[in-house]
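Residues per chain, in single letters:
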Amino acid sequence: MAEEVHSPAAEISVTSNGDLEESHEDVFRDPSHSVPGGLNLSESHVSSGNFASTTEGIIESGPFTGSAFQPRSPVAPVAPSSAAASRLARLASDSHAEIQKGTMQGQPLSGPVVLADDLKNPAMEKLDLVRKWSINTYKCTRQILSEKLGRGSRTVDLELEGQIEVLRENKRKYEQVVKLAQTLASQLTQIMQTQRQLGDAFADLSLKSPELHEEFGYNADTQKLLSKNGETLLGAINFFIASVNTLVDKTIEDTMINIKQYETARIEYDAYRTDLEELNLGPRDATTLPKIEHSQQQFQIYREKYEKMRNDVSIKLKFLEENKVKVLHNQLILFHNAIAAYYAGNQQQLEQTLKQFHIKLKMPGGDMPSWLEEH
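Just so it is clear, the structure is predicted and the values come from calculations on it, not from any experiment. All residue numbers refer to positions counted from 1 along the written sequence of the respective chain. For this predicted model, a pLDDT threshold of at least 70 governs which residues receive local features, and a threshold of 80 or more governs which side-chain atom pairs are given and counted, while totals over whole chains, interfaces and linings are taken from all residues. Excluding hydrogens and water, the side-chain figures rest on all heavy atoms present in the structure.

A. Focus on the overall build of the protein chain. Every helix listed is a DSSP run of H or I at least four residues long, and every strand listed is a run of E at least two residues long, numbered separately from the N terminus. Counting its secondary structure elements, the protein chain contains eight helices and four strands. In the protein chain, the order of α-helices and β-strands from amino to carboxyl end is α-β-β-β-β-α-α-α-α-α-α-α. Here the Shrake-Rupley method, with its probe set to 1.4 Å, supplies the accessible areas, and only the displayed protein chains count as covering residues. Accessible surface, the protein chain as shown: approximately 26300 Å² in total, 57% of it carbon and sulfur.

Okay, here's the thing in structure tokens:
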């Protein structure tokens, strides 16, 4: 062990009450104060021969730059022990081992810790959805092009396809009937306005022409009666238009949406069926077998979806047919009876037709009750 070196600068006497002696207090007040032996505090050195020694160490201090006032507190020499050095060495060794272990496992040395099992990355989920959508779109597009070019085969349910085609044709015809009925209602409205104006003109002439008072009066009454009957007929026609429109735009359109979904499911089914058939025609090895198995699973999924949609559309068409017959039966009877009674001049029958179908008339452009509601 190296010999101990004692320096007056390293020894500080402390009184029994914890205060520094006067001589040493002066030393700390004046950084340039020199102690015996020619040692200056601004350039003091305490040497040690061994770090592991219990009483020796190295302390280096530069020029004093602190405040001139120093707190009067006890100061003791720092002397690290061998036990403390051993603990520091052991901690450094353990930390180095943990860093090496984390590096070998591919974990980041710093930064936030993310649990991959508990938290999923939304960006990766979206990317996976986009990838699946792209693959499905590519297969379906290829299937559609193949069918249009006559190269690909398609699954056809003859009975169901026939019912769908009839429904589409009937939908077009019903829409045409609605347009014609709307044209008739528009023309009838113009005729009613003309008859009303003509009746007012006859009534005015009846008052101003005493010699033709009765003749003008008869014509005024006739035109007003025709205008009122026209209002009744217009109410029946508008009710017919609204009912058929509801059938076409709501009931049939809802079934058409299901039919579009069924056709999409059929295209997907045929696309994955074709893909599976192409894989089965190729060689079977360690590379293709997983692809064939995956294609078989996808084919089964879309097959079940296609069969479910086909059953749903069949049930929809059945209920639609029953509802369509019921609605059109009542509306066609209403339209026929109203038109026949109007052109026959049978006002009582025309009014009875509206009461039969619970139709209430409103005056155009106002909330006043019609002449039918007043009576």
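B. Representation of the packing of aromatic side chains within the structure. Paired rings are identified among Phe, Tyr and Trp, the last through its six-membered ring, by centres lying within 6.5 Å, and are further divided according to the angle between planes into stacked (under 30 degrees), edge-to-face (over 60) and tilted (the rest). With the rule as written, the count across this model stands at seven aromatic pairs. With a centroid separation of 4.9 Å and 90° between ring planes, the pair formed by Tyr342 and Tyr343 is classed as edge-to-face. Burial classes: relative accessible area under 20% of the type maximum marks a residue as buried, over 50% as exposed, and values in between as partly exposed (1.4 Å probe, protein chains only). Relative accessible area serves as the criterion here: at 11%, Tyr342 is assigned to the buried category. Taken together, Tyr262, Tyr269, Phe299 and Tyr306 form an aromatic cluster joined through their ring pairs.

C. Geometry of the pattern of salt bridges. By convention in these notes, a salt bridge is any Lys or Arg side-chain nitrogen within 4 Å of a carboxyl oxygen on Asp or Glu. One pass over the full model with this rule turns up 19 salt bridges. Between Asp275 and Lys139 there is a salt bridge, with its nearest N and O atoms 3.1 Å apart. Pair noted here: Asp275 is in helix H5 (residues 213-281) and Lys139 is in helix H3 (residues 122-148), with a separation of 136 residues, a long-range link. Its relative accessible area of 12% is what places Lys139 among the buried residues. Here Asp312 ties to Lys308 by a salt bridge, and the two come within 3.2 Å at their closest N and O atoms. Here Asp312 and its partner Lys308 are both found in helix H6 (residues 288-344), four residues apart, which amounts to about one turn of the helix. Under the relative-accessibility criterion, Asp312 is labelled partly exposed at 28%. Beyond isolated ion pairs, a larger network of salt bridges with shared partners links Glu147, Arg266, Asp270, Arg273 and Glu277.

D. Geometry of the packing of helix H4 (residues 158-208) against H5. To get an axis, a line is fitted to the C-alpha atoms, and for a helix only the part in contact is used. The angle between two axes follows their N-to-C directions and goes from 0 to 180 degrees. With their axes 7 Å apart at the nearest point, H4 and H5 run at an angle of 160° to one another. If you check the angle between H4 and H5, you find them roughly antiparallel. When the axes of H4 and H5 are compared, the crossing they make is left-handed. Residue classes in the contact of H4 with H5 are distributed as 29 nonpolar, 14 polar and 10 charged. Each angle receives one of four descriptions, namely roughly parallel if under 35 degrees, roughly antiparallel if over 145, roughly perpendicular if within 65 to 115, and oblique otherwise. Crossing chirality is assigned from the near helix's rotation relative to the far helix, an anticlockwise turn below a right angle marking it left-handed and a clockwise turn marking it right-handed. Charged means Asp, Glu, Lys or Arg here, nonpolar means Ala, Val, Leu, Ile, Met, Phe, Trp, Tyr, Cys or Pro, and polar covers whatever is left, Gly included.

E. The arrangement of the packing of H3 against H5 in detail. The contact between H3 and H5 brings their axes to 9 Å, and the two run at 90°. It follows from the interaxial angle that H3 and H5 lie roughly perpendicular. Only Arg266, Ile267, Glu268, Asp270, Ala271, Tyr272, Thr274, Asp275 and Glu278 of H5 make contact with H3, whose side of the interface consists of Asn136, Lys139, Cys140, Arg142, Gln143, Ile144 and Glu147. Its residues placed into classes, the contact of H3 with H5 shows five nonpolar, three polar and eight charged. For this analysis, residues touch if any pair of their heavy atoms sits within 4.5 Å.

F. Local environment of helix H7 (residues 347-356). All of the buried residues in H7 are Leu350, Glu351, Thr353 and Leu354. For H7, the arc enclosing every buried residue in end-on projection is 150°, short of the 170-degree limit, so these residues lie on one face. In this structure, H7 carries Gln348 and Lys355 as exposed residues pointing more than 90 degrees from its buried face. Measuring from the side-chain oxygen of the N-cap residue of H7 to the backbone nitrogen of Gln348 gives 3.4 Å; that N-cap residue is Asn346. Backbone geometry just downstream of H7 places His358 in the positive-phi region, at approximately 55°. In this description, one arc is meant: the one made by directions from the helix axis to the C-beta atoms. Contacts described as polar in this section are N or O atom pairs within 3.5 Å, which, within protein, must combine one atom able to donate a hydrogen with one able to accept it, while residues neighboring in sequence count only if both atoms come from side chains.

G. Highlighting the side chain of Ser206. Along the chain, Ser206 falls in helix H4. A residue is classified by how much of its surface remains accessible, and Ser206, at 6% relative accessible area, is buried. If we skip the residues at most four places from it in the chain, Ser206 touches His213, Phe216 and Gly217.

H. View of the confidence of the model for the protein chain. Averaged over the protein chain, the pLDDT score is 74; the fraction of residues at 70 or greater is 64%. No element of the protein chain has a lower mean pLDDT than strand S3 (residues 45-46), which averages 41, and none a higher one than H4, which averages 93. pLDDT measures how confident the predictor is about each residue, on a scale from 0 to 100. Confidence drops under pLDDT 50 across residues 1-79; counting only partners more than four residues distant or on other chains, this segment forms 67 contacts.

I. Layout of the environment of Gly235. Along the polypeptide, Gly235 turns up in helix H5. Placed 50 residues apart in sequence, Gly235 and Ala185 show a C-alpha to C-alpha distance of 9.1 Å.

J. Inspection of the environment of Lys228 at higher detail. Relative to the helices and strands, Lys228 is located in helix H5. Separated by 33 residues in the primary sequence, Lys228 and Gln195 have C-alpha atoms spaced 9.6 Å apart.

K. Structural detail: the side chain of Gln195. Positionally, Gln195 belongs in helix H4. When neighbours within four sequence positions are excluded, Gln195 is seen to be in contact with Gln223, Leu226, Ser227 and Tyr342.

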